[in-house]
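Letter by letter, the chains look like this.
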Amino acid sequence: MNILVTGGTGYIGSHTCVELIKAGHDVVVFDNLSNSSEDVLDKIEMISGKKPKFYKADMLHPDELEPVFLENKIDAVIHFAGLKAVGESVAKPWYYYNNNIVGTLNLISVMEKHGVKNIVFSSTATVYGIPAFVPITEECPLGTTFSPYAESKKMLERILSDYQKANPDWHVVLLRYFNPIGAHESGLIGEKPNGIPNNLMPYIMQVAIGKLPQLRVFGDDYETPDGTGVRDYIHVVDLARAHVSVMTKFSDEASTYIYNIGTGIGYSVLDIVHAFEKANNITIPYQVVERRPGDIASYYSDPGKAERELGWKAEYDLERMCKDSYRFAKNSLS
Ligand code: NAD
Ligand code: UD1
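Being a predicted model, the structure only gives us computed values, none of them experimental. (Residues numbered from 1 in each chain as written. Chains lettered and ligands numbered in written order. Predicted model: local features only at pLDDT ≥ 70, side-chain atom pairs only at ≥ 80, totals over all residues. Heavy atoms only, no water.)

**What to know about the overall build of the chain**
Here is step 1: Helix and strand counts for the chain come out as eleven helices and 13 strands.
Here is step 2: A compact globule built from 334 residues should have a C-alpha radius of gyration of about 20 Å, and the chain, at 19 Å, falls within 12% of that.
Here is step 3: C-alpha extents for the chain along the principal axes are approximately 55 × 45 × 40 Å.
Here is step 4: For the chain, the residues scored as buried account for 56% of the 334 residues in total. (Helix = DSSP H or I, 4+ residues; strand = E, 2+ residues; numbered from the N terminus. Rg over C-alpha atoms; globule rule 2.2 N^0.38 Å. Buried < 20%, exposed > 50% of the residue type's maximum accessible area, 1.4 Å probe, protein only.)

Rendered as C-alpha cells:
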C-alpha cells in the first residue's frame, strides 16, 4: 500500500515508517518539523534501506497538504501529527485545540476531496480518565479528561467516528496507546523531548547520561504494591508494528474500529527504575517527592481485542525497553 504518515519524523511516526517499509509498503511523510527534524529521514533510510518521500507541510495550511495528495496516490493515512505536551496544553489551550482539531479537520477535508477513505488515528489511554475498571478494555467508558491535550484526543475520536457514520465507506481506526517508551535497536531514532522531560522514561534517560542529577518519584503513597504509580509501558517498535497490522483492517467491512495498544502488564515507577538499573548496570539516583497533580494510581490495558482482531501482540519485555532507551540516550542525547 501507499501510506501517508502525518507527523512521520516524530517519535512514534519514525518507528512506524521503518516498520511499514520493512513490511513492503511505500511511505510518504508530511511534518511541519515543529517537534522533530528532517535528518530523521536519513536515519529511517539507514535502518530500512529506503527514504520516505517527504513534504514539509503544516496541517493548519490546507494548501500545503494539497500537493501531497495530488502527487501521490494515497491508499491510507496514519495520522500522528499533533502536539502532545500535557503541561504545555494547560498553559496554551487555544494553540493545542487549534493545532490538533483544526489540523485534523483540514486533513479530513483534503482526504475527502481526493477520495482517500482509510485513516488510523493516534489516540491515548488518557481518554479513559480515571478508568471505571482495570485492566481497561475498549468497553470501558470514556472519562473526564484533565488537560486540553487529552480533551483534544477525545474530541477527535468523536469527530472521526461521527464522520465515519455519515460516510459509511470510510474505515476509521482509533488506536489508544498506553505508555510508549524505548527506541529502535540501532540507537538512531528515539524520543528527543524539548527541554526538561515530563514523562518518566525520558527523565530517567537524562539522569542516566548525567544531564539531570536525580529522578523525582511523584508519590509513594498510592494504593499500588509499592506505593508508586503503575502504568502499561510498551516498546515503541511494538507500537509501530501495531500500525502495520492495522493495514489488513482496510479490506474488512468499513466501520470505526477501536483498539487498546499496550502490553497488559502494569509496572510501577520503582519497577522501571530498578529494571533500568539492572538492564544497563548503572544507578539511577531518585528521591520520592509529592504526588504530581492530575496523576492516577494505576492503569493498564487489556490488549486482547487487538490480538484477536489484528493478530498483533507486544513482544518486547521491560529489559529490552530499558536497554534500547539507554542506547539511544547515549548515542543521541549526550
Ligand atoms: P512527536 O511530537 O514526536 O511527533 C508528532 C509530530 O507531529 C512531530 O514531528 C511534529 O513536528 C508534528 N506536527 C505537530 N503539529 C503539526 C502540524 N500542524 N502539521 C504537521 N506536523 C505537525 O509525538 P509522538 O510521541 O510521536 O506522538 C505521535 C502521536 O501519538 C501524537 O498525536 C500524540 O499525541 C500521540 N500519542 C503519543 C503518546 C506518547 O507518549 N508519545 C501517547 C499517546 C498518544
Ligand atoms: C502522561 C500524560 C498522558 C500522556 C502520556 C504519554 C499526564 C498527567 N499524563 O501519562 O496524558 O498520554 O504521558 O505517554 O501528564 N513519574 C515520576 N517522575 C517523573 C515523571 C513521571 O515519578 O519525573 C511517574 C508519574 O507519576 C506516573 C509514571 O511515572 O506514575 C508515568 O508518568 P508519565 O511518563 O508522565 O506518563 P503518564 O502520567 O502515564
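After presenting the structure, the write-up continues.
**What to know about the site of ligand 2**
Here is step 1: Taken together, 20 residues sit near ligand 2, with Leu 200, Arg 216, Arg 231, Arg 292 and Asp 295 positioned nearest.
Here is step 2: A distance of 2.6 Å is found between an oxygen atom of ligand 2 and a side-chain nitrogen or oxygen belonging to Asp 295.
Here is step 3: The protein chains hide 88% of the 740 Å² of surface that ligand 2 would expose on its own.
Here is step 4: Of all the elements in the fold, those that place two or more residues in the shell around ligand 2 are α7 (200-208) and β8 (215-218). (Near = heavy atom within 4 Å. Polar contact = N/O pair within 3.5 Å; in protein donor to acceptor, adjacent residues only side chain to side chain. Areas by Shrake-Rupley, 256 points an atom, 1.4 Å probe, with all protein chains shown as cover.)

**Topic: the site of ligand 1**
Here is step 1: Around ligand 1 sit 27 residues, and of these Asp 31, Asn 35, Ser 36, Asn 99 and Lys 153 come closest.
Here is step 2: Contacts to ligand 1 include Ser 34, whose backbone N or O atom sits 3.1 Å from an oxygen atom.
Here is step 3: Expressed as a share of its isolated accessible area of 820 Å², the protein-covered part of ligand 1 is 95%.
Here is step 4: Tallying contributions element by element places strand β5 (residues 118-124) first for the shell around ligand 1, with three residues.
Here is step 5: Partitioned by chemical class, the residues of the shell around ligand 1 number eleven nonpolar, twelve polar and four charged. (Nonpolar A, V, L, I, M, F, W, Y, C, P; charged D, E, K, R; others polar.)

**Topic: the packing of helix α9 (residues 269-280) against helix α11 (residues 318-333)**
Here is step 1: α11 packs onto α9 with a crossing angle of 70° between their chain directions and a minimal axis gap of 9 Å. Comparing the axis directions of α9 and α11 gives the class roughly perpendicular. The hand of the α9/α11 crossing is right-handed. Two secondary-structure elements touch here, α9 through Asp 271, Ile 272, Ala 275, Phe 276, Ala 279 and Asn 280 and α11 through Leu 318, Glu 319, Cys 322, Lys 323, Ser 325 and Tyr 326.
Here is step 2: For the contact of α9 with α11, the class distribution of residues is seven nonpolar, two polar and three charged. (Axes fitted to C-alpha atoms, helices over the stretch in contact; angles between N-to-C directions. Parallel < 35°, antiparallel > 145°, perpendicular 65-115°, else oblique. Left-handed = near helix turned anticlockwise from the far one by under 90°. Contact = heavy atoms within 4.5 Å.)

**As for the pairing of strand β3 (residues 53-56)**
Here is step 1: The pairing of strand β2 (residues 26-31) with β3 spans four bridges and is parallel. In the sheet register, Phe 30 faces β3, and the bridge partner there is Tyr 55. (Pairing = 2+ DSSP bridges.)

**What to know about the sheet that holds β5**
Here is step 1: Strand order in this open sheet of seven strands is β3-β2-β1-β4-β5-β6-β11, and the pairing throughout is parallel. Taken across any chain shown, the strands that pair with only one partner, and hence form the sheet edges, are β3 and β11 (256-261). Pairs of neighbouring strands in the sheet enclose a mean axial angle of 20°, with direction left out of account.
Here is step 2: With four bridges connecting them, strand β1 (residues 2-6) and strand β4 (residues 76-79) associate as parallel partners. When the sheet's bridge partners are listed, Thr 6 is paired in β4 with His 79.
Here is step 3: Across the sheet, helix α8 (residues 236-246) lies against β4, β5, β6 (171-177) and β11, angled at about 165° from β6, the strand it touches most.

**Remarks on the side chain of Ser 268**
Here is step 1: Relative to the helices and strands, Ser 268 is located in strand β12 (residues 267-268).
Here is step 2: Reaching out from Ser 268, the side chain makes a polar contact with the side chain of Asp 226 at a distance of 2.6 Å.

**Looking at the pairing of β2**
Here is step 1: In terms of burial, β2 is largely enclosed, as five of its six residues are buried.
Here is step 2: Where β1 meets β2, five bridges bridge the pair, whose relative direction is parallel. Along β2, the bridge assignment pairs Thr 6 with Phe 30.
Here is step 3: Between the parallel elements β1 and β2, the chain passes through helix α1 (residues 11-22) in a crossover that is right-handed. (Right-handed = clockwise from strand over helix to strand, strands pointing away.)

**Regarding the environment of Glu 38**
Here is step 1: Here Glu 38 is to be found in the loop between β2 and α2 (40-48).
Here is step 2: Glu 38 sits in the partly exposed class, given a relative accessible area of 44%.
Here is step 3: Sequence separation between Glu 38 and Lys 56 is 18 residues; the distance between their C-alpha atoms is 8.8 Å.
Here is step 4: Dropping the residues within four chain positions of it, Glu 38 is found in contact with Leu 33 and Phe 54.

**Description of the packing of aromatic side chains**
Here is step 1: Counted according to the given criterion, the structure contains four aromatic pairs.
Here is step 2: Measuring from centroid to centroid gives 4.7 Å for Tyr 163 and Trp 170, while their planes differ by 70°, and the two rings are edge-to-face. For the pair shown, Tyr 163 and Trp 170 are each scored as buried.
Here is step 3: A cation sits over an aromatic face here: Lys 305 above Tyr 259, 5.0 Å from the ring centre. (Phe/Tyr/Trp six-rings, centres within 6.5 Å; stacked < 30°, edge-to-face > 60°. Lys NZ or Arg CZ within 6 Å of the ring centre and 35° of its normal.)

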